[in-house]
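Below, each chain spelled out in residue letters.
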Amino acid sequence: MPVRVPSLPAHPLHRLTLDNGLRVVLAPDSTAPVIAVAVYYDVGMRSEPAGRTGFAHLFEHVMFQGSAHLPKLEHARQVQGSGGVFNGSTHLDYTNYFEVLPAGALERALFCEADRMAAPLLTQETIDNQIDVVKEEIRVNVLNRPYGAFPWLQLPEVLYDTFANTHNGYGDFVDLESATAQDAAQFFDSYYAPSNAVLAVGGDFEVEQATEWVQRYFGRVAARATPDRPQFGEPALTEDRHAVVVDPLASTPALAIGWRVPDPVDDFTGFLPYVVLSELMSDSDASRLEQRLIHRDHLAIQQAMYLGLFGDPFDARDATALMFQAHHGSHISAAQLCDAVDDELQSVAAGGVNDSELARVQARIAAQLLRQADPVLGRTQSFAAGELIHGRAEFATELPGRLADVDAESVAAAAAELHAAHTAVLELKPGAGA
Amino acid sequence: MSVEVTDETSAFALPPLIEARAARAPRAVCATLPNGLDTLVVRRPTVPMVEVRLRITLPAANRATAAATTARGSLMSSSMLFGTAQRGQEQLANDLAAVGADLSVSADADRLLLSTAVLRTGLSTVLDLLAEIVTSASYPSAEVSAERDRLGQRIAMALTQPGVVAGMARSRRLFGDHPYAQTMPDPAVVAGLEAGTLRRTHRERVRPYGATLVVVGDVQPATVVRQATSAFADWGGPAGRSRVLALPDFDPVGITLLDRPGAVQSNVRIGGAAVGRSDLDYAALKLANLIFGGYFSSRLTENLRERNGFTYSPHSGIDNAAAGSMFLVDADVASEVTARAVHETWYELGRMALAPVTQGELDLARRYALGTLALSTATQAGLASTLSSLAGQGLSPSWLAGHQKAVAGVTVSDVQEVSRRYLSVSSLATVVVGDAALVEDSLLSLAAVRAPE
């Protein structure tokens, strides 16, 4: 008998748009005396021009290098010295900055974020310093380790055609090393306009007070032109694609498969069954691929199927992908694994999904969404991303219900589409060939 | 004009910090069940979920069996969910997923940890399944044999990660033949394990005495204690010895260099003895660690990353284990600046030990320590993991309030005193994994270079 799936506690949302175009979402919630502030800029790796690969990420680092009223290192000191934590991250379609703090530090956090939205310090000295830091980040995460950034850095080259979708978002060292303060100023001017950003505030605060502070600190950021947002969608693959990379540091082979999926924003209803399908296929020990590839046929050491290059189905616009990856022994071929994955898709497409299996998957999805929503930062980020990507912060609170409404027929139909679709396959082979 | 200037100044003055209402201290309901299982329940209904942690102590009995204990613990943890007396692997997985649970089992040198989140409505199911697992995990031979091969391959993969290799080299340097040197199971020992060995070990070692069940979330504590009492009624066994072996002394002189030809980066790992959470010096050491390298606003980050660009994410920390606590420093640095990065790290350690920190540095670190403690216990998952970890060291939830008070009272001279004792370069061992052809000569200008243990 399926359990009753509890729903997300309701968080009232308050929205305003400042005169300079900044969209603001306030989500008060007094369950704990903590607050989160998140600023999402509508520019990511996909907006980088040729010759400037990695620039969106480098610029994210530079945004921590001081601003008009906060010298270098002072942003970190203000947040941490208020008892909070901070970070930033660069995605395909946006770059975000966020902090979680004791509730009494809200005004200070808003001041700090507004100060760098108005005027970050963009000097050649700090840019050169952060180029060195980013190169070490790339070495630690990609170059000096086996399976570095596999497959998010390599599979797009097989799956897509345009520069926006295929280029290295971490950046080529040649491009990084040539970045100048003038490039940074231009990038900031083009993409970091307040009207190209969303501010979300969550946690323990009074709406009226927070509104006054937001107006005071962000209201004085000068309005600038909102950049045009290019479309990054690509037509479906017209043939199967296949590529091989050799990883001299790896000990065993790995495989990645990518499928194009419906537009996650414009065709949201068509996209949702793929979310449920990826969970049914790969989440938890009970999933189809875990049972087939690990427990029954012993084809893989570990497996994962997920939506989006970074595993978040809802943080990218079109084009996005369903991804599969596995590590496997040398005695297993990539073709064996591809056939088994396709066979499982075919089985869902033809045999369908029974009620108890669908109920299990829905229970897991609900549990994961509830767990993400417990920390104030998780909630606040989902409101900001919902507002930026989907145009509605309410997206975050509606999502559990929308996913719970996905029925067995649409999951089977999604599996049938994937079974029929062309794939992009990338094999990683261990060896000294590179 | 002056009015404008005043307006401008006040508008841009840094806003004040307002004293937030204090976080509610977790009110834990504690009960020792008839079978000896310590149970800790906290009502925290922020979302309709429950976090569950079942910690079972499992230390190596002696030095001679350390390698075998590590290998068995590792294979046991990855095979424990392959079925019980009542249900097979798939049925167990289905029944857990049906209540939204994703149970994981992990092992380290001190304990086994069964950990999950579950929908509020499924807690009693999860407690029943946990009890079934600890009393009757079946370790079916064919499945264990397949998992043994996968584990061997996962170990082989881990051994190609430079960070893993560097951590192992440091552990061998610090712990010698103590079980804590075994941070990774020996593939040869894993290859020789049989399902029968796991079944026997499970019967002998997976016992309620010394184990702790932590439940945090949208629950009524009294109900949970009743459910747990009934669910775990058949889990028994005599109170076992869980003696922890004392940590050995180590020789801190010289830099261990482990050659990794072709490496484009060096992994610098430093470590030495520290004090644990129950020690009077712990609060001061925690703040000394923060000021040195424990958070972004630290001297180490300012020096290595923000001034010199040698590294992406240098950090230091205190690792608390049952046999003792260690002070650890990690930095992955560009090959060509390896010796300079070691030198700067030593310089910052020396500065901590020899000169007082500023009151400003101390206050910043103190507010960070208090604030992040509140943040980390503000979520169901964070609180459950914190309480379980405290229980692993024999500490009750009240330690949190006492620790906050201790942090509030630390002075500049306290920090210098603990730094002199625990952050002195002369008492810390340094390990470097990197391309010896590129880094050895320059490291020799700092200290003697020694071969890995």
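Residues numbered from 1 in each chain as written. Chains lettered and ligands numbered in written order. Predicted model: local features only at pLDDT ≥ 70, side-chain atom pairs only at ≥ 80, totals over all residues.

Turning to the overall build of chain B, a few remarks are in order. A count of helices and strands for chain B gives 17 helices and twelve strands. Here the C-alpha radius of gyration of chain B, 24 Å, is about what a compact globule of 453 residues would show, namely 22 Å. Relative to its 453 residues, chain B shows a buried fraction of 50%. For chain B, the proportion of contacts with a sequence separation of at least 24, taken over those separated by at least 6, is 81%. (Helix = DSSP H or I, 4+ residues; strand = E, 2+ residues; numbered from the N terminus. Rg over C-alpha atoms; globule rule 2.2 N^0.38 Å. Buried ≥ 20, exposed ≤ 12 C-beta atoms within 10 Å, placed from the backbone. Contact = placed C-beta atoms within 7 Å.)

So, about the overall build of chain A. Helices and strands together make up the secondary structure of chain A, namely 16 helices and eleven strands. Against the 2.2 N^0.38 benchmark of 22 Å for 434 residues, chain A shows a C-alpha radius of gyration of 22 Å, consistent with a compact globule. In terms of its C-alpha atoms, chain A occupies a principal-axis envelope of roughly 60 × 55 × 35 Å. In chain A, buried positions account for 57% of the 434 residues.

When the parts of a complex come together, some accessible area is lost, and that lost area is often used as the size of the interface. Residues and elements named next belong to chain A. Considered domain by domain, chain A is made up of domain 1 (14–218) and domain 2 (241–430). For domain 1 and domain 2, the distance between their C-alpha centres works out to 27 Å. At the junction of the two partners, domain 1 supplies 36 residues and domain 2 supplies 34 residues. Looking at the side of domain 1 that touches domain 2, the elements with two or more residues in it are strand E2 (23–28), strand E3 (34–41), strand E5 (95–102), helix H5 (155–159) and strand E6 (197–203). Taken together, the residues of the side of domain 1 that touches domain 2 break down into 25 nonpolar, six polar and five charged. (Domains from an automatic or database assignment. Nonpolar A, V, L, I, M, F, W, Y, C, P; charged D, E, K, R; others polar.)

All names here are of chain A. The sheet built from five strands is open, its strands ordered E7-E11-E8-E10-E9 with mixed pairing. On the outer flanks of this sheet lie strand E7 (241–247) and strand E9 (302–307), each paired with one strand and no other. Neighbouring strand axes in the sheet, compared pairwise and without regard to direction, differ in orientation by 15° on average. With six bridges joining them, E9 and strand E10 (residues 321–327) adopt antiparallel strand pairing. Looking at E10, one finds that Tyr306 is bridged to Met323. (Pairing = 2+ DSSP bridges. Axes fitted to C-alpha atoms, helices over the stretch in contact; angles between N-to-C directions.)

With that settled, consider the nonpolar core. One finds Val118 and Leu287 of chain B to be the most contacted residues of the largest nonpolar core, which totals 280 residues. Considering each element in turn, this core owes the most residues, nine residues, to helix H10 (residues 282–294) of chain B. (Core = buried A, V, L, I, M, F, W, Y, C linked by C-beta atoms within 7 Å.)

The interface of chain B with chain A comprises 64 residues on the first partner and 65 residues on the second. Contributing elements (two or more residues each) for the side of chain B that touches chain A: helix H3 (89–98), strand E5 (111–119), helix H5 (141–158), helix H11 (299–307), strand E10 (324–334), helix H13 (359–376) and helix H14 (380–392) of chain B. When residues in the side of chain B that touches chain A are grouped by element, the largest group, eight residues, is from H13 of chain B. Counted by class, the side of chain B that touches chain A contains 35 nonpolar, 17 polar and twelve charged residues.

Moving on, we come to unusual backbone geometry. Residue and element names in this part refer to chain A. For the bond running from Phe150 to Pro151, omega is 0°, close enough to zero to count as cis. Structurally, Pro151 is set in the loop between helix H4 (124–143) and H5. In this model, Asp318 is joined to Ala319 through a cis peptide bond whose omega is -5°. Position of Ala319 relative to the elements: it lies in the loop between E9 and E10. At Ala149, a residue that is not glycine, the phi angle is positive and equals roughly 55°. Tracing the sequence through the fold places Ala149 in the loop between H4 and H5. The phi dihedral of Ser284 is positive, around 70°, even though this residue is not glycine. Looking at the element boundaries, Ser284 is found in the loop between helix H10 (268–282) and helix H11 (288–296).

All names here are of chain B. Taken as a whole, chain B is organised into domain 1 (28–231) and domain 2 (255–450). The straight-line distance from the C-alpha centre of domain 1 to that of domain 2 is 29 Å. Residue-level contacts link 29 residues of domain 1 with 24 residues of domain 2. Of all elements in the fold, only strand E2 (38–43), strand E3 (49–57), E5, helix H6 (162–175) and strand E6 (212–217) reach the threshold of two or more residues within the side of domain 1 that touches domain 2. If you tally residues by element for the side of domain 1 that touches domain 2, the top one is H6, at nine residues.

Here we take up the pairing of E6 of chain A. Residue and element names in this part refer to chain A. Summarising burial for E6: seven of the seven residues are buried, a large majority. Examined bridge by bridge, E2 and E6 share six bridges and lie parallel to one another. Note that in E6 the partner of Val24 across the bridge is Leu199. Strand direction decides the pairing type here: E3 and E6, joined by seven bridges, are antiparallel. Bridge pairing links Ala38 to Ala200 in E6.

A few words now on the environment of Ala184 of chain A. Residues and elements named next belong to chain A. The topology assignment puts Ala184 in helix H8 (residues 181–191). Under the C-beta neighbour-count criterion, Ala184 is labelled buried, with 24 such atoms within 10 Å. Along the sequence, Ala184 and Val62 sit 122 residues apart, while their C-alpha atoms lie 8.6 Å from each other. Setting aside residues no more than four positions away along its own chain, Ala184 makes contact with Phe59, Val62, Leu122 and Ile127.

So, about the sheet that holds strand E1 (residues 28–32) of chain B. Each strand in a sheet pairs with its neighbour through backbone hydrogen bonds, running either in the same direction (parallel) or in the opposite one (antiparallel). Residues and elements named next belong to chain B. Spatial strand order, E1-E2-E6-E3-E5-E4: six strands in an open sheet with mixed pairing. The open sheet has two edge strands, E1 and strand E4 (104–107), and neither has a second partner. Each strand axis lies, on average, 15° off the axis of its neighbour in the sheet, ignoring direction. Two strands pair when backbone bridges link them, and E3 and E5 are joined in this way by nine bridges, in the antiparallel orientation.

The predicted coordinates of low-pLDDT regions are not to be read in fine detail. All names here are of chain B. In this model, chain B carries an average pLDDT of 94, and 96% of its residues clear a pLDDT of 70 or more. Residue range residues 1–11 is modelled with pLDDT below 50. Its contacts to residues more than four positions away, or to other chains, number zero contacts. In the predicted assembly, ipTM is 0.95 and pTM is 0.95. (pLDDT = per-residue confidence, 0-100.)

So, about the packing of helix H4 (residues 123–136) of chain B against helix H9 (residues 221–231) of chain B. The relative placement of two packed helices is expressed as an angle between their axes plus a distance between the axes. Residues and elements named next belong to chain B. Running from N to C, H4 and H9 cross one another at 30°; their axes reach a closest spacing of 9 Å. On the basis of the axis angle, H4 is roughly parallel to H9. In this structure, H4 crosses over H9, and the sense of that crossing is right-handed. Side by side, H4 and H9 meet where Ser124, Leu127, Asp128 and Ala131 of the first sit next to Gln227, Ala228 and Ala231 of the second. Grouping the amino acids of the contact of H4 with H9 by side-chain chemistry returns four nonpolar, two polar and one charged. (Parallel < 35°, antiparallel > 145°, perpendicular 65-115°, else oblique. Left-handed = near helix turned anticlockwise from the far one by under 90°.)

Here we take up helix H1 (residues 55–62) of chain A. Residues and elements named next belong to chain A. Within H1, seven of the eight residues are buried, which leaves it mostly tucked inside the rest of the structure. Within H1, burial applies to Phe55, Ala56, His57, Leu58, Phe59, Glu60 and Val62. On its buried side, H1 packs onto strand E4 (85–90), E5, H4, helix H7 (173–177) and H8.

Given 3.6 residues per turn, any residue in an α-helix points the same way as the ones three and four places further on. For H13 of chain B, spanning 18 residues, the distance from its first C-alpha to its last is 25 Å, which sits close to the expected 26 Å at 1.5 Å a residue. For H13 of chain B, every residue scored as buried is listed here: Glu361, Leu362, Leu364, Ala365, Arg366, Tyr368, Ala369, Gly371, Ala374 and Leu375 of chain B. (Expected span 1.5 Å × (residues − 1).)

Residues and elements named next belong to chain A. Pairing of E4 with E5, which is carried by six bridges, proceeds in the antiparallel orientation. Paired with Asn87 across the bridge in E5 is Phe98. The turn joining E4 and E5, which pair antiparallel and follow one another in sequence, is formed by four residues.

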